Amino acid sequence: MADKPYDVIVFGATGYTGRQAVLAMMHRSATQPLRWAVAGRHADKLKAMVDELVPVARERPGVVVADATNVESLHALAAQTAVLLNLAGPYAVCGESAVQACIANGTHHLDLTGETFWVQQLIARHHRAAKSMHVKVIPCCGYEALPFDLATMWIAREVRERFAEACREVKIVVSLTGKRITSIKDAVSGGTVASLRSLLEYDTTDCVKNPACLLPADALTASEVAQRNAYRFVPHFDDDVQAVTAPTIPAPFVNPPIVLRSQALLADTGWFSGDFRYHEALNMKSLVPNVSFLPEAATLPLQWAAAASLAAPLANLSAALAGPLKFERQPLRKLADWIAPKSGDGPSEEVLAQTGYAFDIFALSDSGRKLHARLDAQGHPGYRSTPEMVVTAAVGLAHGTLGRTPHFGIVTPATGLGIEAVGAMREAGLVFSIVS
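Model, not experiment: these values are computed from the prediction. Starting from 1, residues in each chain are numbered consecutively following that chain's sequence as written. Totals for whole chains, interfaces and linings use all residues, but because this is a predicted model, local features are given only for residues with pLDDT of at least 70 and pairs of side-chain atoms are given and counted only at 80 or more. With hydrogens and water stripped out, all remaining heavy atoms of the structure feed into the side-chain values.

Colleague: What is the right way to look at the packing of aromatic side chains in this model?
Modeller: Think of a pair of aromatic rings as described by two things: how far the centres are apart, and how the planes are tilted against each other in angle. Stacked, tilted and edge-to-face pairs are distinguished by plane angle, under 30 degrees for stacked and over 60 for edge-to-face with tilted covering the rest, among Phe, Tyr and Trp rings (Trp via its six-membered ring) whose centres lie within 6.5 Å. This model, assessed by the stated rule, comprises 8 aromatic pairs. Measuring from ring centre to ring centre gives 4.9 Å for Phe272 and Phe276, while their planes differ by 75 degrees; the resulting arrangement is edge-to-face. As far as burial versus exposure is concerned, Phe272 and Phe276 are alike and both buried. Joined through ring pairs, the aromatic side chains of Tyr143, Phe148, Tyr357 and Phe359 make up one cluster. One residue, Lys136, lies across the ring of Phe408, its end atom 4.4 Å from the ring centre. The rule for a charge over a ring is simple: NZ of Lys or CZ of Arg within 6 Å of the ring centre, and within 35 degrees of the ring normal. Positioned above the aromatic ring of Phe362 is the side chain of Lys171, whose terminal nitrogen or guanidinium carbon lies 5.0 Å from the ring centre. Burial classification: accessible surface area is computed with a 1.4 Å probe over protein chains only, and a residue below 20% of its type maximum counts as buried, one above 50% as exposed, and the rest as partly exposed.

Colleague: How should I be thinking about the environment of Thr401 in this particular structure?
Modeller: Its place among the elements puts Thr401 in the loop between helix 15 (381-399) and strand 13 (409-410). Note on Thr401: relative accessible area 45%, which makes it partly exposed. Along the chain, Thr401 and Leu417 lie 16 residues apart, while their C-alpha atoms are 9.0 Å from each other. Note on contacts: a residue pair is in contact if any heavy atoms of the two residues lie within 4.5 Å. Residue contacts for Thr401: discarding those within four places in its chain leaves Gly396 and Glu420. Helix numbering and strand numbering both begin at the N terminus, where a helix is a DSSP run of H or I of at least 4 residues and a strand a DSSP run of E of at least 2.

Colleague: How do you make sense of the nonpolar core when you look at a structure like this?
Modeller: One broad rule of soluble globular proteins: the nonpolar side chains tend to lie buried together. Counting residues in each nonpolar core, the largest one holds 108 residues, and the members touching the most others are Leu85, Leu110, Val170, Ile172, Phe359, Ile361 and Leu430. With 10 residues, the top contributor of residues to this core is helix 7 (residues 146-163). Sequence-distant contacts of Phe359, defined by excluding residues within four places in its chain, comprise Tyr143, Pro147, Phe148, Ala151, Ile172, Val173, Val174, Ala373, Arg374 and Leu375. In this structure, Leu77, Ala78, Leu84 and Cys94 belong to the second largest nonpolar core, which totals 17 residues. The set of buried Ala, Val, Leu, Ile, Met, Phe, Trp, Tyr and Cys residues whose side-chain atoms join them within 4.5 Å is what this entry labels a nonpolar core.

Colleague: Even after reading the chapter, I still don't get the side chain of Arg261, so can you show me in this structure?
Modeller: Of note, Arg261 is situated in helix 11 (residues 255-265). Asp218 is the oppositely charged side chain nearest to the buried, salt-bridge-free Arg261, at an N-O distance of 7.9 Å. Residues scored as positive are Lys and Arg, those scored as negative are Asp and Glu, and His as well as the terminal groups of each chain are ignored. Any Lys or Arg side-chain nitrogen found within 4 Å of a carboxyl oxygen on Asp or Glu counts as a salt bridge.

Colleague: In this structure, what is going on with the packing of helix 7 against helix 11? I would like to understand it.
Modeller: Packed helix pairs are specified by the crossing angle of their axes together with the interaxial distance, meaning the distance between the axes. The contact between helix 7 and helix 11 brings their axes to 9 Å, and the two run at 35 degrees. When you trace helix 7 past helix 11, the crossing you get is right-handed. Here Phe148, Asp149 and Thr152 of helix 7 lie close against helix 11, whose contacting residues are Asn255, Ile258, Val259 and Ser262. Residues of the contact of helix 7 with helix 11, tallied by class, amount to 3 nonpolar, 3 polar and 1 charged. Simply put, an axis is a line fit to the C-alpha atoms, just over the touching stretch for a helix, and the angle between two N-to-C directions goes from 0 to 180 degrees. A clockwise turn of the near helix away from the far one marks a right-handed crossing, whereas an anticlockwise turn of less than a right angle marks a left-handed crossing. Side-chain classes are defined by residue name, with Ala, Val, Leu, Ile, Met, Phe, Trp, Tyr, Cys and Pro counting as nonpolar, Asp, Glu, Lys and Arg as charged, and the others, Gly among them, as polar.

Colleague: What should I look at first to understand unusual backbone geometry in this one?
Modeller: Cis rather than trans, the peptide bond between Gly89 and Pro90 has omega equal to 0 degrees. Take Pro90: it is sitting in the loop between strand 4 (81-86) and helix 4 (91-94). Put simply, Glu144 and Ala145 share a cis peptide bond, and its omega is 10 degrees. Its place among the elements puts Ala145 in the loop between strand 6 (136-138) and helix 7. Notably, His134 is not glycine yet its phi reads approximately 55 degrees, a positive angle.

Right under this line is the structure:
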């Protein structure tokens, strides 16, 4: 890959998330040698964006014209870079040709898909070819599911090193921090809505109800893994965080299949038990208004009500996607259209910068010893943290500081990037720490 003109090309750079990724790339290039380019269908739009975002005194990124629907242009695109950062979704519609072009040209591919059924298709169709070419195709490299995947791998390794035992269980409880989100436009990214539309239109699999759907083809215990890690849509009070919890948003069925694929691919490390269990939830205390003169327990009714309002639609979404009747999906399509931000639209800079999130990470060893860790992250999960994370991954992969793992093919953020990504993600605003 060293003889290619670019280290990283950002494909789909003129969208809202693409522009945020360009800003992140510009900041990285200010502190390290980095050959990069932006790519998309329209040269004039790309050049206008570069003129707007990149100061005149700075070295300009290259501009490459490519169309996700044109196979020849995708091969020309992939041939020019070590890593293709593909932001041109929805991926089930136009992503497979880009993956194929990357495999053929020996180029690593990162994306932000939340379309688990599409990842399942990639594994079935292209895992062997990518593995034989020593190419890493790493889907789900944004908020879904990179931090969850890294956090699980990291704490499992910590359990092994501290207790000399395998990790039997990981639970992640998510809290939103900083400026409270009050607008649907500020909460849901266009990419998330596009993934939802893609699920409604094209997903005919069981991925939304089967957390084992991405396990390697030779996994003999897939049904047991699915049963052990069945999704929970009923809110409950969590003693560890002393709060009501609900299913994670925007979709509770994206992260677990990625985490469980990582656990299967890392089986030979001894970090995970054979009966490993993963669970994640959303801390409702971080979402409801905090009245300073009242005790925390006074917010419990609000927490239960808010949890129920989240859990019911998510359970209905899962049931509709898994059901055989097309008409069941029509109301959800209308909902997706209603909440969709306008093209190129997104939160204010104030919301982007002042919103953040945190994970409380709880692990159990084989003998029941406990470890509590924390991930604190800066920036809006979808609009700011996601582009920062995926750019950090792409640059590290291109420079060889990340990706020094034996895992090639259709892999996961944890197995594709390696444990070094835990430290590298500080540059993206993610800080991992042990609590107790």
